[in-house]
Amino acid sequence: MIFAFPWAFIGLAGVAYLALRQVRPAGPGSARLLYSDIALMGDRGRCVRSLLARALPPLRIIALALLVIALARPQVPVGIKRVAGAGIDIVLTLDISGSMRADDFRPKSRFHVAREVLGDFIQQA
């Protein structure tokens, strides 16, 4: 596997810094709990919403790390095969508007006649 922009991995240093900031408090004496008595909290830590709220910071770090890896554009080289040849591109268009339903070429419409002409052209090519 190769990366189109390997310098993008420098962003992983920033993600690591953010992860460390989540693990460690911001500075000496910084409190994680804003209440003086944890009895005030009661059973707040047992609902599904609080469990999901605890999972958000790690999920954000993982998402940022995956974003940095995606910015590096990982690629799997399959090999290069050179094919020698020359060709001409031809684009065939066919009008399908209402005017092509006119029965100018009885019993067929303009559309059917044009389709037959295109079919003959393709068969000859």
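What counts as what
- Residues numbered from 1 in each chain as written.
- Predicted model: local features only at pLDDT ≥ 70, side-chain atom pairs only at ≥ 80, totals over all residues.
- Heavy atoms only, no water.
- Phe/Tyr/Trp six-rings, centres within 6.5 Å; stacked < 30°, edge-to-face > 60°.
- Buried < 20%, exposed > 50% of the residue type's maximum accessible area, 1.4 Å probe, protein only.
- Helix = DSSP H or I, 4+ residues; strand = E, 2+ residues; numbered from the N terminus.
- Contact = heavy atoms within 4.5 Å.
- Expected span 1.5 Å × (residues − 1).
- Bend = angle between axes of the 7 residues up to and from the residue.
- Salt bridge = Lys/Arg side-chain N within 4 Å of Asp/Glu carboxyl O.

> Run through the packing of aromatic side chains, naming residues and quoting values.
Remark: the centre distance and the inter-plane angle together describe each pair of aromatic rings, the angle taken between the planes. In total, this model carries two aromatic pairs according to the counting rule given. Geometrically, the ring pair formed by phenylalanine 3 and phenylalanine 9 is edge-to-face, given 4.8 Å between the ring centres and 85 degrees between the ring planes. A residue is classified by how much of its surface remains accessible, and phenylalanine 3, at 31% relative accessible area, is partly exposed. Overall, phenylalanine 9 belongs to the partly exposed group, its relative accessible area being 27%. Taking 5.8 Å as the distance between ring centres and 55 degrees as the angle between the ring planes, the aromatic pair formed by phenylalanine 5 and tryptophan 7 counts as tilted.

> Account for the side chain of serine 109, with residues named and values stated.
Counting through the fold element by element, serine 109 comes out in the loop between β2 (74–75) and α3 (110–124). Residues in contact with serine 109, not counting those within four places in the same chain, are Met100, Arg101, Ala102 and Asp103.

> Tell me about helix α2 (residues 48–71), and name the residues and values.
If you check α2, its first and last C-alpha atoms are 34 Å apart, about what 24 residues at 1.5 Å a residue would give, namely 34 Å. The largest bend along α2 measures about 30 degrees and falls at leucine 56, with the proline proline 57 one to four residues further on. Burial in α2 covers these residues: Ser50, Ile61 and Val68. Buried residues along α2 sit against α1 (11–23). Two residues or fewer after α2 comes arginine 73, characterised by a positive phi angle close to 55 degrees.

> Just give me the short version of the pattern of salt bridges, but keep the residues and values in it.
Pairing between side chains of opposite charge can happen when their charged atoms approach one another. Applying the stated rule across the entire model yields one salt bridge. We note a salt bridge from lysine 108 to glutamate 116, for which the minimum N-O separation is 2.6 Å. For lysine 108, a relative accessible area of 36% translates into the label partly exposed.

> Please set out unusual backbone geometry residue by residue, giving values where relevant.
Trans is the prevailing form of peptide bonds, just as negative phi is the prevailing case for residues other than glycine. Positive phi values are uncommon outside glycine, yet arginine 73 reaches one of about 55 degrees. Note that arginine 73 resides in the loop between α2 and β2. The exposure class assigned to arginine 73 is partly exposed, which follows from its relative accessible area of 43%.

Geometric descriptors of this kind do not, in isolation, establish any biological role.
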